[in-house]
Amino acid sequence: MAHIETLAIHAGRQVDPSTGAVVPPIILSTTFERGGDGSLPYGFSYARDRNPTRSMLEQCLAELEGGSAALAFSSGQAAAQALLQALKPGDHVITPEDVYMGVTHLLRDVMQSWGLQVSFVDMTDPENVRAALRPHTRLIWVETPSNPLLKISDIAAMVELAHAVEGLCVVDNTWGTPMLQRPLELGADFVLHSTTKYLGGHSDVLGGALIAREQSPVFERIREIQSVGGGVPSPFDCWLLMRGIQTLPYRVRAQCQHAEQVARFLSEHPAVTRVHFPGLESHPGHAVAARQMRAFGGMLAFELGSREQAQAVAARVKMIICATSLGSVESLIEHRASTEGPGTRTPDTLLRLSIGLEHPDDIIADLRQALEG
Ligand SMILES: *Cc1c(COP(=O)(O)O)cnc(C)c1O
């Protein structure tokens, strides 16, 4: 198999056979010509079901993650919902207690009334997950590194526990990216992405994806749910994602290097009480992260002495932008507890940083003036 740098540029693409265009056209058509007998000579019928630009992105995503098939969605949440709706009322799901806030809302406020049972556990210790298993556990939902505390779960151990009860294991690989973390190679059944983040990489497109290790009745059911429910991305969004993905490996590589430098700077700064970054030897998940990740990612969080101090730093940054979301070329800082609102598990002394592609010395200089200002 080609290296990921090469796949990112070529997977799913071909020179347009009708014009020779090197960059693929955006196919906006919502409907496709049929034979008089209703047959589909080109394989497409209607854009909610399938669209050529979306198919191109799905081929690219499958190859990047080393899966056999992929579905592109209108958002990460739409992908998560389609996967959960493929389960049956009464089925049991295990997720990390600090699973992405939107997924918590989906599980608790939408899917619980649909009959799904959910256990939120501390997934950093596989024994907690083993203790939460029930005979009707159908899905273990893994998110590693987690948001925003960068907790690390052992993917291979979670896969083993899920398969022991004939359940499925999905890994939200939004933070890891296929560049750093290969869940399907560790046996996971599905990878989920908010492509809004690193895959798009420029804060200008909302999207989601599910990639399957192998074709299966569950995967076909998810495809059906998407096609009927309509959570599909526009052709232009698919095209933007294809464009963003071409530079993913080089963006992520630089973001990992910058994040290491920023983490070391912060861990030596007297105003900072704690740094959450799996690349630091002091991080409790460091050994597992070092085993299952190629590098430690471009996300980190740090804590100050009080909520007021944390919010003051977020207000004082000049180049870094105070905003939610992550994985883009610009560095973002966020007081996550304020964003998550009442019921958040995030410490109110914590700031989350998404490291961008600015020069790391400039990122550090901005943080220093904000910490000392
Ligand atoms: C943003 C995010 C999501 C949700 O994706 P959307 O594209 O915002 O719907 C899910 N998981 C993680 C880890 C995220 O960061």
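Anything mentioned here points back to the structure above.
Residues numbered from 1 in each chain as written. Predicted model: local features only at pLDDT ≥ 70, side-chain atom pairs only at ≥ 80, totals over all residues. Heavy atoms only, no water.

**Side note on the overall build of the protein**
(1) Moving on: In terms of helices and strands, the protein carries 14 helices and twelve strands.
(2) Moving on: Computed over C-alpha atoms, the radius of gyration of the protein comes to 21 Å, within 12% of the 21 Å expected from 2.2 N^0.38 for 373 residues, which places it in the range of a compact globule.
(3) Moving on: When the backbone C-alpha atoms are referred to their principal axes, the protein occupies close to 75 × 55 × 35 Å.
(4) Moving on: In the protein, which comprises 373 residues, the proportion classed as buried is 56%.
(5) Moving on: Partitioning the contacts of the protein with sequence separation of at least 6, the portion at a separation of at least 24 is 71%.
(6) Moving on: Within the structure as shown, the protein displays about 15400 Å² of accessible surface, and the carbon and sulfur contribution to it stands at 54%.
(7) Moving on: If the 30 positive side-chain charges of the protein are averaged to one point and the 41 negative ones to another, these points end up 2 Å apart. (Helix = DSSP H or I, 4+ residues; strand = E, 2+ residues; numbered from the N terminus. Rg over C-alpha atoms; globule rule 2.2 N^0.38 Å. Buried < 20%, exposed > 50% of the residue type's maximum accessible area, 1.4 Å probe, protein only. Contact = heavy atoms within 4.5 Å. Areas by Shrake-Rupley, 256 points an atom, 1.4 Å probe, with all protein chains shown as cover. Lys, Arg positive; Asp, Glu negative; His and termini not counted. Charge placed at Lys NZ, Arg CZ, Asp CG, Glu CD.)

**Quick word on the packing of helix H3 (residues 76–85) against helix H4 (residues 101–111)**
(1) Moving on: The contact between H3 and H4 brings their axes to 10 Å, and the two run at 40 degrees. When the axes of H3 and H4 are compared, the pair comes out oblique. Two packed elements cross with a definite hand, and for H3 against H4 that hand is right-handed. The residues of H4 that touch H3, namely those facing Gln77, Ala80, Gln81, Leu84 and Gln85, are Gly102, Val103, Leu106, Leu107, Val110 and Met111.
(2) Moving on: Of the residues belonging to the contact of H3 with H4, the class tally is seven nonpolar, four polar and no charged. (Axes fitted to C-alpha atoms, helices over the stretch in contact; angles between N-to-C directions. Parallel < 35°, antiparallel > 145°, perpendicular 65-115°, else oblique. Left-handed = near helix turned anticlockwise from the far one by under 90°. Nonpolar A, V, L, I, M, F, W, Y, C, P; charged D, E, K, R; others polar.)

**A word on the sheet that holds strand S6 (residues 190–194)**
(1) Moving on: The strand order S1-S7-S6-S5-S4-S2-S3 describes an open sheet built from seven strands, whose pairing is mixed. Both edges of this open sheet fall to strand S1 (69–73) and strand S3 (117–121), since each of them pairs with a single strand only. Each adjacent strand pair in this sheet contributes to an overall mean axis angle of 20 degrees, direction not counted.
(2) Moving on: Lying over the sheet, helix H8 (residues 217–229) contacts S1, strand S5 (168–172), S6 and strand S7 (208–212), oriented at roughly 25 degrees with respect to S1. (Pairing = 2+ DSSP bridges.)

**Notes on the packing of aromatic side chains**
(1) Moving on: Enumeration according to the criterion identifies two aromatic pairs in this entry.
(2) Moving on: Between phenylalanine 32 and phenylalanine 44, the ring centres sit 5.4 Å apart and the planes meet at 40 degrees, which makes this aromatic pair tilted. Taken together, the positions of phenylalanine 32 in the loop between helix H1 (4–10) and helix H2 (52–65) and phenylalanine 44 in the loop between H1 and H2 put the pair twelve residues apart, joining distant regions of the chain.
(3) Moving on: Classification of phenylalanine 44 as buried rests on a relative accessible area of 14%.
(4) Moving on: Here the aromatic rings of phenylalanine 236 and tryptophan 239 are separated by 6.3 Å at their centres, their planes lie at 10 degrees, and the arrangement is stacked. With phenylalanine 236 and tryptophan 239 both in helix H9 (residues 235–245), this residue pair falls three residues apart, about one helical turn.
(5) Moving on: Among the residues examined, tryptophan 239 registers a relative accessible area of 18% and is labelled buried. (Phe/Tyr/Trp six-rings, centres within 6.5 Å; stacked < 30°, edge-to-face > 60°.)

**A closer look at the nonpolar core**
(1) Moving on: One finds Val262, Leu266, Leu300, Phe302, Leu353 and Leu367 to be the most contacted residues of the largest nonpolar core, which totals 67 residues.
(2) Moving on: The leading source of residues in this core is helix H10 (residues 248–268), at eight residues.
(3) Moving on: Beyond its immediate chain neighbours, meaning those up to four positions away, leucine 300 contacts Leu150, Ala259, Val262, Ala263, Leu266, His276, Phe277, Leu351, Arg352, Leu353 and Ile355.
(4) Moving on: Core analysis: the second largest hydrophobic core is formed by 30 residues, Ala78, Ala86, Val93 and Leu116 among them. (Core = buried A, V, L, I, M, F, W, Y, C linked by side-chain atoms within 4.5 Å.)

**Considerations on the site of the ligand**
(1) Moving on: Close to the ligand lie 14 residues; Gln77, Asp172, Ser194, Thr196 and Lys197 are nearest.
(2) Moving on: For the ligand, a nitrogen atom lies 2.7 Å from a polar atom in the side chain of aspartate 172.
(3) Moving on: Protein coverage of the free-state accessible area of the ligand, which is 380 Å², stands at 93%. (Near = heavy atom within 4 Å. Polar contact = N/O pair within 3.5 Å; in protein donor to acceptor, adjacent residues only side chain to side chain.)

**Examining the environment of alanine 301**
(1) Moving on: By secondary structure assignment, the location of alanine 301 is in strand S9 (residues 299–303).
(2) Moving on: Considered as a pair, alanine 301 and lysine 197 are 104 residues apart in the sequence and their alpha carbons are 17 Å apart.

**Considering helix H12 (residues 307–316)**
(1) Moving on: Those residues of H12 lying buried are Ala310, Val313 and Ala314. The buried residues of H12 occupy one face: seen down the axis, they fall within an arc of 100 degrees. Facing away from the buried side of H12 by over 90 degrees, the exposed positions are Glu308 and Ala315.
(2) Moving on: Buried-residue contacts for H12 involve strand S10 (321–322), strand S11 (332–334), strand S12 (350–354) and helix H14 (360–372). (Arc of directions from axis to C-beta.)

**Some details on the pairing of S5**
(1) Moving on: Counting buried positions along S5 gives five out of five residues, so the element sits mostly inside the fold.
(2) Moving on: Where the polypeptide runs from strand S4 (residues 137–143) across helix H6 (residues 155–164) and back to S5, its parallel neighbour, the crossover connection is right-handed.
(3) Moving on: Of the strand pairs in this sheet, S5 and S6 are connected by three bridges, and their pairing is parallel. Looking at the pairing, aspartate 172 lines up with leucine 192 of S6. (Right-handed = clockwise from strand over helix to strand, strands pointing away.)

**Notes on the environment of glutamate 97**
(1) Moving on: The residue glutamate 97 is located in the loop between strand S2 (92–96) and H4 in this model.
(2) Moving on: Placed 26 residues apart in sequence, glutamate 97 and methionine 123 show a C-alpha to C-alpha distance of 7.5 Å.
(3) Moving on: Filtering out sequence-adjacent residues up to four positions away, glutamate 97 remains in contact with Phe120, Val121, Asp122, Lys151 and Arg345.
(4) Moving on: Among the polar contacts listed, one links the side chain of glutamate 97 to the side chain of arginine 345, at a separation of 3.2 Å.

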